[in-house]
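As a plain string of letters, each chain reads:
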Amino acid sequence: MENREIESVRKRKKETEGRQGNGQSEAVEEKESLSMASEEMEASISRILQKIEHFTDRVSELLEAGKKLFKEMSDDLEEKLIRMHVEQMEKWTEEIKEIRLLDCTNEEIRARLHKVQYLLQNIRDSQN
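Scope of this entry: the structure provided in the associated data block. (Residues numbered from 1 in each chain as written. Predicted model: local features only at pLDDT ≥ 70, side-chain atom pairs only at ≥ 80, totals over all residues. Heavy atoms only, no water.)

With that settled, consider the overall build of the protein chain. From N to C terminus, the protein chain includes 2 helices and 0 strands. Per-residue burial for the protein chain yields a buried fraction of 5% across its 128 residues. Accessible surface for the protein chain amounts to roughly 12200 Å². Of this, 57% is attributable to carbon and sulfur atoms. (Helix = DSSP H or I, 4+ residues; strand = E, 2+ residues; numbered from the N terminus. Buried < 20%, exposed > 50% of the residue type's maximum accessible area, 1.4 Å probe, protein only. Areas by Shrake-Rupley, 256 points an atom, 1.4 Å probe, with all protein chains shown as cover.)

Right, let's get into a negative patch on the surface. On the surface, Glu72, Asp76, Glu78 and Glu79 cluster together to form a negatively charged patch. The class for glutamate 72 is partly exposed, based on a relative accessible area of 40%. (Patch = residues over 30% accessible without salt bridge, like charges linked within 9 Å, V, L, I, M, F, W, Y side chains within 5 Å. Salt bridge = Lys/Arg side-chain N within 4 Å of Asp/Glu carboxyl O. Lys, Arg positive; Asp, Glu negative; His and termini not counted. Charge placed at Lys NZ, Arg CZ, Asp CG, Glu CD.)

The next point concerns the pattern of salt bridges. Within the structure shown, the criterion is met by 4 salt bridges. Two residues, arginine 58 and glutamate 61, come together in a salt bridge whose shortest N-O distance is 3.5 Å. Placement of the pair is arginine 58 and glutamate 61 together in helix α2 (residues 25-127), with a separation of 3 residues, close to one helical turn. Judged by its relative accessible area of 49%, glutamate 61 falls in the partly exposed class. When the shortest N-O distance is used, the salt bridge between aspartate 75 and lysine 71 registers 3.2 Å. Highlighted residues: aspartate 75 and lysine 71, both in helix α2, separated by 4 residues, approximately one helical turn.

Structure representation (structure tokens):
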């Protein structure tokens, strides 16, 4: 939109220059300085727009890199958590097996002790 306005000002300037004589050179010089200022303004705006485009591209690249990094980190975390879970489950399963084995051993020993008590009781009874 600004470019259209600038072009419109330039066209009016050219038309005005064509109508003016050599006696109005000061007005023409003033309009030329405005035109040069307009060209400088256009160049400044163009540079800013290029900066905006470059910055937007850079932000997009950083966002994509960040998404990729977080995805990789998320996948790594998931794998580590699963591995930790499996290891802990194996540890507890082994612990349960050891407890069951200990319980069986205790039951065998208790049964043997009960038999020994019974035999000792029989020996005592027979001696009396």
